[in-house]
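What follows is the residue order along each chain.
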4 protein chains.
Amino acid sequence: MAGKIRTGIIGLGRIGQIHLANLLFHTHNAEVVIASDISPKAHDYARDMGVKQVTADAAEVIRHPEVDAVIICAPTPQHVPYTIEAANAGKHVFCEKPLDVSLPSIRSAAEAVEKNGVKLMLGFNRRFDPNFARVRSLVSNNTIGDPHILRITSRDPAPPPLEYVKVSGGLFLDMSIHDFDMARFITGSEVKEVFVKGDALIDPQIRQYHDIDTAVIVLTFENGAIGVIDNSRKAVYGYDQRLEIFGSKGMAKAENNTPDNVIVHNNETVQTALPLHFFLERYEKAYRIGMQAFLDCIENDSPSPVGAHDGLMATAIGLAAGLSLKENRLVKLDEILNGD
Amino acid sequence: MAGKIRTGIIGLGRIGQIHLANLLFHTHNAEVVIASDISPKAHDYARDMGVKQVTADAAEVIRHPEVDAVIICAPTPQHVPYTIEAANAGKHVFCEKPLDVSLPSIRSAAEAVEKNGVKLMLGFNRRFDPNFARVRSLVSNNTIGDPHILRITSRDPAPPPLEYVKVSGGLFLDMSIHDFDMARFITGSEVKEVFVKGDALIDPQIRQYHDIDTAVIVLTFENGAIGVIDNSRKAVYGYDQRLEIFGSKGMAKAENNTPDNVIVHNNETVQTALPLHFFLERYEKAYRIGMQAFLDCIENDSPSPVGAHDGLMATAIGLAAGLSLKENRLVKLDEILNGD
Amino acid sequence: MAGKIRTGIIGLGRIGQIHLANLLFHTHNAEVVIASDISPKAHDYARDMGVKQVTADAAEVIRHPEVDAVIICAPTPQHVPYTIEAANAGKHVFCEKPLDVSLPSIRSAAEAVEKNGVKLMLGFNRRFDPNFARVRSLVSNNTIGDPHILRITSRDPAPPPLEYVKVSGGLFLDMSIHDFDMARFITGSEVKEVFVKGDALIDPQIRQYHDIDTAVIVLTFENGAIGVIDNSRKAVYGYDQRLEIFGSKGMAKAENNTPDNVIVHNNETVQTALPLHFFLERYEKAYRIGMQAFLDCIENDSPSPVGAHDGLMATAIGLAAGLSLKENRLVKLDEILNGD
Amino acid sequence: MAGKIRTGIIGLGRIGQIHLANLLFHTHNAEVVIASDISPKAHDYARDMGVKQVTADAAEVIRHPEVDAVIICAPTPQHVPYTIEAANAGKHVFCEKPLDVSLPSIRSAAEAVEKNGVKLMLGFNRRFDPNFARVRSLVSNNTIGDPHILRITSRDPAPPPLEYVKVSGGLFLDMSIHDFDMARFITGSEVKEVFVKGDALIDPQIRQYHDIDTAVIVLTFENGAIGVIDNSRKAVYGYDQRLEIFGSKGMAKAENNTPDNVIVHNNETVQTALPLHFFLERYEKAYRIGMQAFLDCIENDSPSPVGAHDGLMATAIGLAAGLSLKENRLVKLDEILNGD
């Protein structure tokens, strides 16, 4: 591919703005041709950042003749329709997670992408976090040996508003889905079974939406490893994002990042900094590196680092988790994958 | 109680020798009157350490008129018979874990202890480890708030010989039983349900003894908390003994102890020490503090810090874990407690 | 000040490029009107980045009617002439360190700045490093109490080429000068006395340029504190930038930053990451925050956070250090300040 | 040497009691024949611990026909007389530090020891601390390469009573002397020069005794390394005992030890434990290992690990430090060694 990759962004919410800034300032082979959002305020924002063309119509981005790649940051229900439309228009697609909450819908997007020979990359940005990418490399280069036990801790600093919870798809598809993808990424293996214990320990009100805010999720993998994820919607000390892989040759763990490395001693205790507050701070680099990876897979015509299959499996694990919670039993992933 | 507490030890294996040294050198209100072991070599050892009377007959220790308290370090099948005999002889009892692998048997020991008004303390030494005791205090003084998630990592540096595995009672009753007690100790709550995924990932040979060497165990507690224990028989980097409690007001975690606090930088990496090798090193202080706690509960006529109920519950959780593994399902503890 | 601050950059070497990128992408109230460099390649670079006007003539930048502030990244001998010229043209000045190696010359720049009522900020970027800024705040808000002992460790990953050493002004004015500024910044006090022990332990060849590569520097401060800096031109494990302040109420120390927070355990050791390689990585954020601070002091007409006096004192301490090394004795700063 | 080494202790103050307990309980080839102290209370203590013979007369210990080795824990002025007396009686000697504050006096003790062919070991217990011993081994096995910079931080939790300060011999001979020995131990090199800056920053009252409570001490070594020690009589956060050696191949540092490894997170900060309170806790193991090393050098007829020369040099550095402070100049050690 000669020259810069010409991109168009759909949706300029919090995540869309991150991707816009990364495309403009932190990647070396992209330009932004057009951006769409339904809010006029977002148009001003985009123009201020230097985007020449703005529109309220997503279709205009997808059909724009000078756009090579579409960045989809619209709400989840539009992910699959826009992906299919863009693929059919011959455009590469970067789409925020989750691709969808329905497996048939994901499969239809996957087919459109394959049929049209375009790249699809999903926004599982955490794979590009330097800590987690390093742990993955220690597994893939066999430093850790055969993986036996995986532990992921993923806790948010505060629960979202109840309004959001209602439409979020639930803890597993909204929050844990990142951890499901991470589990597959770190072990390099597919999930076989899912078992969940969860409850609303932080805010009992969310029970009315059939949701939970605290969960422990056990996964078994095809390579024999056993994994456990613990999730909470509220860690008062901040965004807690750690993991550990234990294998036949050793163990690697990723600790939290902090805003500084200062250690303070007084007559009562020794104090260090809390973790970086939330995902914008914690995954600032991951967002940049991930977007560069998307551009590079287009430029080099190499496989997408996070494709449709990854989206399918993460959603399937989420659906299995929901079923396990509901029926209080171990759920085989095949029940979900073959069930639709 | 005036004067020193006069003790007699049954069994001078590895653990018996630790308790002997602690009684002689590291506690301030005990003397050792007599010690028994079937091995003549152990007799020499005891005499060298300054024990005046040695015997091959455990009954001699139990019936010795000058013995106030009996320390039982014999093999597990003798724990309950000796405990009952000693209790009936009016002697206080310190007994190594597990008290037994059968709940009715444990209950009979508990009854004998209660009937005779003597103290029974079980050797769940880890409760006295400074790290874990500190975490417990942070829970009991409400620094952590309501407990939501408990994580225990407990991995041995190397599996025991197959000969031992055969008679060990299995991973859950031999190794995880410490973690079951720790889970109850840290949360201050009883276990309601148990779910296990486990496998023989280190040495497939142990499958012939219907045992496993790797496990992830989910526990739910009466106070609403959810716990997860991960066990391995072989961590190549040493004895890995960590835990973390996450609650509504914060989180506390206990990291491993190391032989030194030296940090080495070279042109490739930054290196620190491996964890202390195994339980003798890691729990050296815990053994001392625990034995002192036993002596003190006798001297002050205060409740035993780890009594028969604790032994019963740890064994019950172990039996539930075994059933969960066998039937691949969640097991309610009541199935076990009411089932015998 | 209404609108964006219009800047011009002189010098597009390694540091000039950092400042250019920060002005373009990481500050919110600047634009870059013009950039100068003697190399045509640098012109291409600037145009690629989006700078519309480029020139080989620094004077064009200084005299440009649309330039409010000049960023001087030219070689040290030009710092003072350009600063004076810019000040006389009514332009604010950001100038890289050191302002100069001669105190009278620095004083002449200071006078020009004061006479013309413009801002001068020196590029002591480390003051804006989140670690060191946090330690400073702990001193200034009295968390640490009265400062008693200051320790600064400042070691480069590799010595510069001998060609550079020849013209560098020597270890103290080239490298330690950052630490001298840091010492004043952290303690909030002026240096009274300097004592140095130093040697060429890494490369004896630099002795021919009367320079050293290893030094321990003792400073006494007007507030009674005693400080010690240790410098090396070659830490094989990377860029080592730490400090510690010990006072009557406590102690705070800043540790190194690393590219990741992964901890790897194998059967031999526990490994963590080396420090970030060198100043570009380590002080990436400090450069950004520092440039923003310069823009903000212009916008708010507030005092420069690092002014001419700071440049004067850092150079004076450097000259005192050189004299101490030469004469193997304690040197009072007044000897230097009053000696010219 | 056949059988156990028969020891006698002179002085049962705080340190004497530590050595007594170690000889009785934590070493494997010693017995304690007799102990002396002027206080009757100390006699009771010794008898309680199991010492059969007690006396108020130190000479009785030295002359006791069944004593092979004398442990001298009397006040400093008696160190040399008792050492000489014991050596002349053919007894091995373990003597607390400092051997003396006068170099001729130390030399006379050294001569007596050599003439009589007995072992003399000085109580520089910190050499046997696992942290510092490990750092030393990294220097001696060339992991660190040629030593360039040594940093020792040694701060007490609280100053001693003024009554003690009066007779202590001053900061350098009372407190820093341990650090002087450590500096020689870690670098494996002799000190050439000493430069001191110090003041009474904690309690100005001690100036009336011509003493200080805060010091920064620069040492140069014969192998080219440069060292710096910082001392304070009062670190409000506890006993701060760290060091770092930087060399051509890497760097090793020893951090403080803590009573536990628990990390607590709340909504404001992350907290860990303060360092172990003071030398009894911090150097508990060092005292044991050191006493065993003394017994072993007797049993194996190997050289004392800390001999008279070590005592001489530590005192000489202390005297040089005092002169440097007084005259505010660099002092060559030869001025001290050749000056008496």
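Just so you know, these numbers come straight off a predicted model, no measurement behind them. Each chain has its residues counted from 1, following the order in which its sequence is written. To read the labels, note that chains go from A and ligands from 1, taken in the order they are written. Local features are withheld for residues below a pLDDT of 70 in this predicted model, meaning they are given only at 70 or higher, and side-chain atom pairs are given and counted only at 80 or more; totals for whole chains, interfaces and linings count all residues. The basis for every side-chain value is the complete set of heavy atoms in the structure, and neither hydrogens nor water enter the calculation.

Regarding the overall build of chain A
- Starting at the N terminus, helices and strands are each numbered in turn, a helix being any DSSP run of H or I of at least four residues and a strand any DSSP run of E of at least two. A count of helices and strands for chain A gives 12 helices and 15 strands.
- For the radius of gyration, the atom set is restricted to C-alpha positions; the globular benchmark scales as 2.2 Å times the number of residues to the power 0.38. Taken over C-alpha atoms, the radius of gyration comes to 20 Å for chain A, in line with the 20 Å a tight globule of 340 residues would show.
- Expressed as lengths along the three principal axes of its C-alpha atoms, the size of chain A is roughly 55 × 55 × 45 Å.
- Across the 340 residues of chain A, 62% fall into the buried class.
- Working rule for contacts: check all heavy atoms of both residues, and any pair within 4.5 Å makes them a contact. When contacts within chain A are restricted to residue pairs at least 6 apart in sequence, those whose partners lie at least 24 apart make up 71%.
- Accessible surface, chain A as shown: approximately 12,400 Å² in total, 51% of it carbon and sulfur.
- Counted charges follow a simple rule, with Lys and Arg positive, Asp and Glu negative, and His plus the chain ends left uncounted. Taken as the charge location is NZ of Lys, CZ of Arg, CG of Asp or CD of Glu. Averaging the positions of the 34 positive and the 43 negative side-chain charges in chain A gives two centres separated by 2 Å. The cut-offs for exposure are 20% and 50% of the maximum accessible area for each residue type, with area from a 1.4 Å probe on protein chains only; residues under the lower value are buried, those over the upper are exposed, and the others partly exposed. Only the protein chains shown count as covering a residue, and every accessible area follows the Shrake-Rupley method with a 1.4 Å probe.

What about the interface of chain B and chain A?
- Facing the 39 residues of chain B at the interface are 39 residues of chain A.
- In short, buried area is how much 1.4 Å probe accessible area vanishes from two parts on joining, totalled over both. Surface buried jointly by chain B and chain A totals about 3,100 Å² across both partners, of which 66% is contributed by carbon and sulfur atoms.
- Broken down residue by residue, the surface that chain B buries against chain A is led by Arg151, Ile226 and Phe246 of chain B, which jointly contribute 18%.
- Salt-bridge detection follows one rule: a side-chain nitrogen of Lys or Arg within 4 Å of a carboxyl oxygen of Asp or Glu. At the boundary of chain B with chain A, the tally comes to 10 salt bridges.
- For Arg151 of chain B, the salt bridge identified is with Asp230 of chain A, shortest N-O distance 3.5 Å.
- Throughout this description, a polar contact denotes any pair of N or O atoms lying within 3.5 Å of each other; where both atoms belong to protein, one of them has to be capable of donating a hydrogen while the other can accept it, and for residues adjacent in sequence the pair is counted only when both atoms sit in side chains. On inspection of chain B and its partner chain A, the count reaches 10 residue pairs in polar contact (both at pLDDT 80 or more).
- Mapped by element, the contributors of at least two residues to the side of chain B that touches chain A are strand E7 (147-155), strand E8 (191-199), strand E9 (214-221), strand E10 (226-232), strand E11 (240-247) and strand E12 (251-254) of chain B.
- Each residue gets one label: Ala, Val, Leu, Ile, Met, Phe, Trp, Tyr, Cys and Pro are nonpolar, Asp, Glu, Lys and Arg are charged, and the others, such as Gly, are polar. For the side of chain B that touches chain A, the residue count by class is 14 nonpolar, 11 polar and 14 charged.

Looking at the relation of the copies chain D and chain A
- For this overlay, a least-squares fit was computed on C-alpha atoms, restricted to residues scoring pLDDT of at least 70 in both copies. Under the fitted operation, chain D is carried onto chain A by 0.0 Å of movement along the axis and a turn of 180°, and the coordinates agree to an RMSD of 0.0 Å. Both copies are brought into coincidence by an operation consistent with a two-fold rotation axis. The C-alpha atom lying nearest the rotation axis in chain D is that of Gln271 of chain D; the distance is 2.3 Å.
- A high fraction, 100%, of the interface residues of chain D reappear at the interface in chain A, so the copies pair face to face through one surface.

As for the interface of chain D and chain A
- Counting residues at the interface gives 12 residues for chain D and 12 residues for chain A.
- Taken together, the two surfaces of chain D and chain A that pack against each other cover about 1,100 Å², and 59% of this comes from carbon and sulfur.
- Considering only the surface of chain D that becomes buried against chain A, His265, Val270 and Leu274 of chain D emerge as the three largest contributors, covering 36% of it.
- Between the two partners, chain D and chain A, sit 0 salt bridges.
- Sorting elements by how many residues they give to the side of chain D that touches chain A places strand E14 (residues 270-272) of chain D first, with 3 residues.
- When the residues that make up the side of chain D that touches chain A are grouped by side-chain class, the tally is 5 nonpolar, 6 polar and 1 charged.
- At least two bridges found by DSSP between two strands are what make those strands a pair. The pairing of strand E14 (residues 270-272) of chain A with E14 of chain D spans 3 bridges and is classified as antiparallel. From the neighbouring strand, Gln271 of chain A faces E14 of chain D, where its bridge partner is Gln271 of chain D.

A word on the sheet that holds strand E4 (residues 69-72) of chain C
All names here are of chain C.
- Strand order in the open sheet formed by 6 strands is E3-E2-E1-E4-E5-E6, and the pairing between neighbours is parallel. Both edges of this open sheet fall to strand E3 (53-55) and strand E6 (120-122), since each of them pairs with a single strand only. Between one strand axis and the next, the sheet turns through 20° on average, direction left out of account.
- Sheet topology note: the E4/strand E5 (residues 92-95) ladder contains 4 bridges and is parallel. Bridge pairing in E5 places Ile71 opposite Phe94.
- Note on definitions: angles span 0 to 180 degrees between N-to-C directions of axes, and those axes are lines fitted to C-alpha atoms, for helices only across the stretch in contact. Contacts from helix H1 (residues 14-26) reach strand E1 (5-10), strand E2 (30-36), E4 and E5 within the one sheet, and its direction differs from that of E1 by about 165°.

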